[in-house]
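# Observations on the model geometry
If you want the building blocks of each chain, they are given just below.
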Amino acid sequence: GENVEQHPSTLSVQEGDSAVIKCTYSDSASNYFPWYKQELGKRPQLIIDIRSNVGEKKDQRIAVTLNKTAKHFSLHITETQPEDSAVYFCAAGEPNTPLVFGKGTRLSVIA
Amino acid sequence: NAGVTQTPKFQVLKTGQSMTLQCAQDMNHEYMSWYRQDPGMGLRLIHYSVGAGITDQGEVPNGYNVSRSTTEDFPLRLLSAAPSQTSVYFCASSPRRSNYGYTFGSGTRLTVV
């Protein structure tokens with residue numbers, strides 16, 4: 001089955017700097033890659049996703065890139081703000097199977 | 001539209017007790033699933049369902065049962081609670097079984113003493 005590795009497990013950045021979180025997946029059949037943000041004590045919420053026919057997707061300060069050959073994808077947050085502080089999860093999905101999640105990255109944005 | 005509703009929000013059980021965590025969605029989603037979240041372990045799949053009457057096991061199914069008698073409801077039953085089941089439980093749903101984002105419930109924090 002699919003296995004998703006996520007790095008780093010913790011990340012601290014200064015406000016205004018960029019943050020990058022990386023994930024690798026094992027199964028080349030995976031074709032859907034969402035990212036979730038979970039604030040303290042809250043539920044995970046989908047912030048951006050990408051499908052395997054696309055190499056990059058942007059939504060304001062957030063972007064995701066996908067390298068199918070290397071089986072890795074990354075989340076990029078630019079101009080970080082204190083409200084970006086949260087745990088971020090990547091996931092990978094094969095057709096007709098549940099998502100497999102990474103173990104999460106705790107991002108702290110220091111004002 | 002309430003989305004995905006989980007009850008209760010908090011629960012304390014004694015070892016050996018049984019209980020049911022409730023999950024309901026009002027979005028006519030085909031796919032529903034249960035995850036548990038433990039520190040440093042991410043979200044691990046317990047059971048899932050691709051439609052009414054159909055359920056399947058995930059990564060960590062032992063000690064849990066599910067049923068899906070309606071599209072809306074997907075309860076999770078703990079048969080005989082153990083301290084290892086202390087966790088935060090999330091229910092999630094999706095319009096389709098694949099290639100689509102999940103909507104999560106607000107979670108149930110369960111402590112087994």
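Preceding this section is the structure that the text describes.
I will try to describe carefully the structure that is included in this document. As the structure is a prediction and not an experimental result, all values here were calculated from the model. (Residues numbered from 1 in each chain as written. Chains lettered and ligands numbered in written order. Predicted model: local features only at pLDDT ≥ 70, side-chain atom pairs only at ≥ 80, totals over all residues. Heavy atoms only, no water.)

### Concerning the packing of aromatic side chains
In this structure the tally under the stated criterion is 15 aromatic pairs over all chains. Centre to centre, the rings of Tyr25 of chain A and Phe73 of chain A are 6.1 Å apart; their planes meet at 55 degrees, and the pair counts as tilted. With Tyr25 of chain A in strand E3 (residues 19–25) and Phe73 of chain A in strand E8 (residues 72–77), this pair connects stretches of sequence that are 48 residues apart. On the accessibility criterion, Tyr25 of chain A (6% relative accessible area) is buried. With a relative accessible area of 0%, Phe73 of chain A lands in the buried category. Where Phe90 of chain B meets Phe104 of chain B, the ring centres are 6.1 Å apart and the plane angle is 90 degrees; that geometry is what we call edge-to-face. Within this pair, whereas Phe90 of chain B is found in strand E9 (residues 87–94), its partner Phe104 of chain B is found in strand E10 (residues 103–104), the two being separated by 14 residues in sequence. (Phe/Tyr/Trp six-rings, centres within 6.5 Å; stacked < 30°, edge-to-face > 60°. Helix = DSSP H or I, 4+ residues; strand = E, 2+ residues; numbered from the N terminus. Buried < 20%, exposed > 50% of the residue type's maximum accessible area, 1.4 Å probe, protein only.)

### What about the interface of chain A and chain B?
Facing the 20 residues of chain A at the interface are 20 residues of chain B. When chain A packs against chain B, the two sides together hide about 1600 Å² of surface, and 56% of this comes from carbon and sulfur. In terms of surface lost to chain B, no three residues of chain A exceed Arg43, Pro98 and Phe101 of chain A, which account for 32% of the buried area on that side. At the junction of chain A with chain B, the criterion picks out 6 residue pairs in polar contact (both at pLDDT 80 or more). Broken down by secondary-structure element, the contributors of at least two residues to the side of chain A that touches chain B are strand E4 (32–38) and strand E5 (45–51) of chain A. Broken down by element, the residue count for the side of chain A that touches chain B peaks at 3 residues, all from E4 of chain A. Of the residues belonging to the side of chain A that touches chain B, the class tally is 9 nonpolar, 6 polar and 5 charged. (Contact = heavy atoms within 4.5 Å. Buried area = accessible area lost by both parts, 1.4 Å probe. Polar contact = N/O pair within 3.5 Å; in protein donor to acceptor, adjacent residues only side chain to side chain. Nonpolar A, V, L, I, M, F, W, Y, C, P; charged D, E, K, R; others polar.)

### Topic: the pairing of E8 of chain A
Residue and element names in this part refer to chain A. With 6 bridges connecting them, E3 and E8 associate as antiparallel partners. Following the sheet pairing, Cys23 is matched in E8 by Phe73. Pairing analysis gives 6 bridges linking strand E7 (residues 62–67) to E8, with the strands arranged antiparallel. Its bridge partner lying in E8, Ile62 is registered against Ile77. Counted along the chain from E7 to the antiparallel partner E8, the turn is 4 residues long, and its residue Lys71 has a positive phi close to 55 degrees. (Pairing = 2+ DSSP bridges.)

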